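Secondary and tertiary structure notes
Here is how the chains run, residue by residue.
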Amino acid sequence: MNTLSFADLRDQLRAGRAALAKAWRARPVSSRYLARHAALVDGVLVALCERLQLPTDVSLAAVGGYGRGELFPGSDVDVLLLLDAEPGADDQARLEAWVRACWDIGLEIGHSVRTVAACLAEAADITVETNLLEARYLWGRRALFTEFERRFRARFDPQAFFEGKLAEQQARHARYDDSAYKLEPNLKDSPGGLRDLHTIHWLAQACDIPAGWNGLARAGLLTEAEARQIAREERTLVTLRIHLHLLAERREDRLAFDYQTELAARLNLAATPHKRAGERLMQDYYRAAKMVQRANDILIQSLRVRLFPVTGAPAIIDGDFQVRGKLLEARSPDLFEREPAALLRAFIVHAQHPDLAGFEPATLRALWRGSTRIDAAFRANPAHRALFMTLLRQPVGITRALRAMHRYGLLGRYIPAFGRVVGQMQHDLFHIYTVDEHILTVLRNVRRLTVPALAHELPLASRLMAGFAQPELLYLGALFHDIAKGRGGDHSELGAVDAHRFCKQHGLSTDDAGLVAWLVEMHLVMSRTSQKEDISEPDVIAAFAEKMGDVRHLVALYLLTVADIRGTSPKVWNAWKGKLLEDLYHATRARIEGSRAEDTHAKQAEARVNLALYGLPADAADALWQHLDARYFVRYHARDLAWHARMLWRRADTAVPVVRARLSPAGEGIQVLVYAPDRADIFARICGFFARIQYTILEAKIHTTQHGYALDSFQVMDLANRGIHYRDFLAFVEHELARDLDPAQPIQPPPRGRLSRHQRHHPYPTSVRIETDATGAAMLTITCADRGGLLFAVAETLMHHDLGVYAAKIDTLGERVEDTFLIRGNRLETVAGRAALESELRTALA
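A brief look at the structure comes next. Remember, it's a predicted structure, so these values are computed and weren't measured experimentally.

With that settled, consider the overall build of the chain. Broken down by element type, the chain carries 39 helices and 16 strands. For the C-alpha atoms alone, the extent of the chain along its principal axes is close to 100 × 75 × 55 Å. When the accessible surface of the chain is split by element, carbon and sulfur atoms take 50% of a total near 35,300 Å². Side-chain charges of the chain comprise 107 positive and 104 negative groups, with the mean position of each set lying 3 Å from the other.

In the contact formed by helix α1 (residues 7-26) and helix α2 (residues 30-51), the axes pass within 10 Å of each other and the chain directions differ by 175 degrees. Accordingly, the angle class assigned to the pair α1 and α2 is roughly antiparallel. Between α1, through D8, L9, Q12, L13, G16, R17, L20, A21 and W24, and α2, the contact on the second element is made entirely by S30, Y33, R36, H37, L40, V41, V44, A47, L48 and R51. Counted by class, the contact of α1 with α2 contains eleven nonpolar, four polar and four charged residues.

Structurally, E279 is set in helix α13 (residues 277-307). Looking at E279, the relative accessible area reads 13%, which means it is buried. Looking at E279, its side chain comes within polar contact range of the main-chain nitrogen of R276, at 2.8 Å.

Right, let's get into α2. Between its first and last C-alpha atoms α2 spans 32 Å; for 22 residues at 1.5 Å apiece the expected length is 32 Å, and the two agree. Turning to α2, its buried residues number three or more, namely S30, Y33, L34, H37, A38, L40, V41, D42, V44, L45, L48 and C49. Once α2 ends, the next one or two residues include Q53, with phi positive near 50 degrees.

In this section: the nonpolar core. Core analysis: the largest hydrophobic core is formed by 212 residues, its most contacted members being L45, Y66, W98, L107, W213, I415 and Y558. With 15 residues, α13 is the single largest residue contributor to this core. The contact partners of W213, leaving out residues within four places of it in the chain, are L197, I200, H201, L222, A227, I230, A231, E234 and L299. Judged by nonpolar contacts, the second largest core, of 55 residues, contains I670, I693, A700 and A710.

Before going further, it helps to examine the sheet that holds strand β2 (residues 77-83). With mixed pairing, four strands are arranged side by side in an open sheet as β3-β2-β1-β4. Both outer strands of the open sheet, β3 (109-115) and β4 (136-140), are each paired with one neighbouring strand and no more. Shown here is a sheet whose adjacent strand axes are inclined to one another by a mean of 25 degrees, direction ignored. Two strands pair when backbone bridges link them, and β2 and β3 are joined in this way by seven bridges, in the parallel orientation. Across the sheet, L83 pairs through a bridge with T115, a residue of β3. Of the strands in this sheet, β1 (59-62), β2 and β3 are in contact with helix α4 (residues 89-104), which crosses β3 at around 165 degrees.

This paragraph deals with the packing of aromatic side chains. In this description, a pair of aromatic rings is defined by centroid distance and the angle of the planes. Scanning the entire structure with this criterion turns up 25 aromatic pairs. Pairing Y632 with F633 gives two aromatic rings, centres 5.1 Å apart and planes at 85 degrees, and the pair type is edge-to-face. Take F633: its relative accessible area is 3%, and that puts it in the buried class. Site record: aromatic cluster; members linked through ring pairs are Y137, F145, F148, F152, F156 and F161. The ring of W643 carries R662 above its face, with NZ or CZ at 4.1 Å from the centroid.

Right, let's talk about the sheet that holds strand β5 (residues 315-316) for a bit. With respect to topology, four strands assemble into an open sheet ordered β5-β6-β7-β8, the strand pairing being mixed. Both outer strands of the open sheet, β5 and β8 (358-359), are each paired with one neighbouring strand and no more. By the bridge criterion, four bridges tie strand β6 (residues 321-324) to strand β7 (residues 327-330) in an arrangement that is antiparallel. Across the sheet, the residue bridging to F321 is A330, located in β7.

This brings us to the pattern of salt bridges. Inspection of the entire model under this criterion finds 49 salt bridges. The salt bridge partner of D196 is R172, with a shortest N-O separation of 2.8 Å. Placement of the pair is D196 in helix α9 (residues 194-206) and R172 in helix α8 (residues 158-175), with a sequence separation of 24 residues. No difference in accessibility class separates D196 from R172, as the two residues are buried. Of the charged contacts in the structure, one is a salt bridge between D498 and R487, with a shortest N-O distance of 2.4 Å.

Moving on: the pairing of strand β16 (residues 816-824). Most of β16 sits out of view: eight of its nine residues are buried. Pairing analysis gives eight bridges linking strand β14 (residues 778-785) to β16, with the strands arranged antiparallel. For M779, the partnering residue across the bridge sits in β16 and is L822.

Here we take up the side chain of S59. Its place among the elements puts S59 in strand β1. By relative accessible area, which is 0% here, S59 ends up buried. In terms of polar contacts, S59 uses its side chain to reach the backbone carbonyl oxygen of R141, at 3.5 Å. Ignoring any residue separated from it by four or fewer positions in sequence, one finds S59 in contact with L80, L81, L82, Y137, W139, G140, R141, L144 and F145.

With the rule as written, the count across this model stands at zero disulfides. C784 carries a free sulfur, and the closest cysteine sulfur to it, the one in C687, is 14 Å from it. Exposure remark for C784: the relative accessible area of 2% places this residue in the buried category.

Further remarks concern the environment of S302. Looking at the element boundaries, S302 is found in helix α13. Taking C-alpha positions, S302 is 9.4 Å from L364, a pair spaced 62 residues apart along the chain. Once residues lying within four places of it in the same chain are set aside, the contact partners of S302 are L221, P361 and R365.

This part covers helix α36 (residues 726-740). An α-helix turns once every 3.6 residues. As a result, residues three or four positions apart point the same way. Compared with an ideal rise of 1.5 Å per residue, which puts 15 residues at 21 Å, α36 spans 20 Å between its outermost C-alpha atoms and is within 8% of the ideal. Among the residues making up α36, those that are buried are F729, L730, V733, E736, L737 and D740. For α36, the buried positions fall inside an angular range of 155 degrees around the axis, keeping them on one side. Of the residues in α36, the exposed ones pointing more than 90 degrees away from the buried face are R727, D728 and H735. The inward-facing, buried residues of α36 contact β9 (658-663), β10 (670-677) and α35 (682-692).

It is worth spelling out unusual backbone geometry at this point. Despite not being glycine, D208 shows a phi value in the positive range, around 60 degrees. Position of D208 relative to the elements: it lies in the loop between α9 and α10 (213-218). Here the phi dihedral of E249 falls at roughly 60 degrees; this positive angle occurs in a residue that is not glycine. Along the chain, the position of E249 falls in the loop between α11 (224-248) and α12 (257-266). Judged by relative accessible area, E249 falls into the exposed class, the value being 73%.

So, how was this worked out
- Residues numbered from 1 in each chain as written.
- Predicted model: local features only at pLDDT ≥ 70, side-chain atom pairs only at ≥ 80, totals over all residues.
- Heavy atoms only, no water.
- Helix = DSSP H or I, 4+ residues; strand = E, 2+ residues; numbered from the N terminus.
- Areas by Shrake-Rupley, 256 points an atom, 1.4 Å probe, with all protein chains shown as cover.
- Lys, Arg positive; Asp, Glu negative; His and termini not counted.
- Charge placed at Lys NZ, Arg CZ, Asp CG, Glu CD.
- Axes fitted to C-alpha atoms, helices over the stretch in contact; angles between N-to-C directions.
- Parallel < 35°, antiparallel > 145°, perpendicular 65-115°, else oblique.
- Contact = heavy atoms within 4.5 Å.
- Nonpolar A, V, L, I, M, F, W, Y, C, P; charged D, E, K, R; others polar.
- Buried < 20%, exposed > 50% of the residue type's maximum accessible area, 1.4 Å probe, protein only.
- Polar contact = N/O pair within 3.5 Å; in protein donor to acceptor, adjacent residues only side chain to side chain.
- Expected span 1.5 Å × (residues − 1).
- Core = buried A, V, L, I, M, F, W, Y, C linked by side-chain atoms within 4.5 Å.
- Pairing = 2+ DSSP bridges.
- Phe/Tyr/Trp six-rings, centres within 6.5 Å; stacked < 30°, edge-to-face > 60°.
- Lys NZ or Arg CZ within 6 Å of the ring centre and 35° of its normal.
- Salt bridge = Lys/Arg side-chain N within 4 Å of Asp/Glu carboxyl O.
- Disulfide = S-S within 2.5 Å.
- Arc of directions from axis to C-beta.

Shown next, in the form of structure tokens:
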């Protein structure tokens, strides 16, 4: 038996697969490929059984996807070797030889060898039970397979199976954050993937409904048109998966960046002026996934009602709607045909009853079908416009209702501009959601500010939200702030036009419509100002206050900005950004209301009080402060002045560097004070040190005393959240950084970091600009893809050009950085000098 050769079967399998791939490239018909691949493997397995003379009382069955007769290019071949009793030594040896032979000829099998009784016992596991549900006879003793089928069906509990599969689906969705809109989704397992369609088929089998979408249509759960639509989206996903397996030459179900462009080419998707080919591919995928999610919701609810009939009389809400089993139900099956306005009223009722679990299946299907009635005439109807504004003015349930409208296709029909961004990717290296998902996440974040139980998360924002008279204006700002992305041009300006038109059409006053349009146009300004400019400068605050105009506009923009940043990615928001926004808000409000800024003498007096708490004499700060100009006192809070003075007491003329670190008052990260005789290389050395220990500098305030010392303050964070013990870490920073600042030591450059896969496949352009800020200072702005050692490269280049840095804002947005430096030096006085610096920086950052 061991001397048998299987080279012919190996060649047969290899040649058959090659022929299938060639035929696929010539004419990609997914159902034909899957069936023919399964048939090819069937023949090879049967030949192996006969050649190895497996025991005649064995039955070989295909299970899982292979059992359905659907075998993808890289999928495992799942088989069951069914026995009527435990095998003897000889039979065991033959079975083991058969398994080895399968692998030898190139079949990656997933096999189990079990008796019928063992199969039934293992079927207590929902995954095993599902595999066995699709068992298909291949070879051997058919009577044994028939007995297995009979006994399996006899013990099958449809209700328990339904609950098990639903729990399994919920757990699977949770692994993918319940989002179909990841930038690299899993074609099979992500929400809206093929597994959601398989789940529908399995649950239909549990309800004794014939397989396939036509079977569901004949059972009255779908119309024929809906069945064709779902089948079309299923073909989209299946086609993508076959292409992906063939491209990767293995089982690969993740639509990774590495494959998206080539997959687009294979599907004949070309780039457009505003979208890459890969972006078009992914938008088609996201739209298919949304359709699959919608079908999964509707059909699973419908199948649940079949298996778990709801008893008892419904609770009447009004003349149109009632509640049956915690599901909202239209009281008349033709409600939406007779009264199209009910398409919007359904979601108002849904918002008004937070205890509802969703919509009754027939009502869901009616909503889905009725969405096509939302056309230009529907949108122009004043009654419908009033209903939409009524929805936005509900005290609870707005996010849930709008997400449901989006999920079932109504929101994009009512706001066509929103429909155009459904599934649109954002390759800016920090948004992790598609545009539509980001918009709804921002809306959710604004709504969270109205929930008293969550006020501890953002106390200032929650307090301001509670006092904001018309929160629906903020919701409209959230809905429209990114709605014009992908059109070309400035999406803020284009979106403002859309927002103003929508608001006027929906009866808002001129002032209210103007506020919403202004929010959309200005929605990036507050974050840019707080993270790029020196907000301790009075001139910066004055310029920003002029843009705000009044407190109402300032409050509205602050709230939308907080919600927007928190809606891009969990990695983008941090306590430091929150503090910058709060500081900008407070300073600007004081300016608008005419409050006097805290003067230098008041700050010094407060700092002296703080120093006295530590037992220091009243004049403890004088030795340091006598060497500092007025600008130093403007840039720092009194508590920082006190900390500096306390750390540098009796060290104002030290010959060796002083480094002190503490937990940041912002609530996250650490604050580092560096004081040393000034040299051109200090900033570069500090940047190199933190890059080597993989810490990120968020802000640097650089000050040179009148007697030639550098007094630098840094806000530093571990963006990787490694859980470092801070007490030990502070001592480490103080000791090691002081040693690195020793001029006798050579500068140690950090290792140059590599670009991520996302950055390689979706490169972000490097931008280097030198402009003049509101104070008249030279402002260097760098925007590029993030990598290790980047800040050191900038600092080193500035050092070589003999340029000083007196402020820096380092803004890391996911995998992108937007860094701003206030710089000074003779090279900046000429156009040629600035151009040379910009050119050298681009080279250093390449």
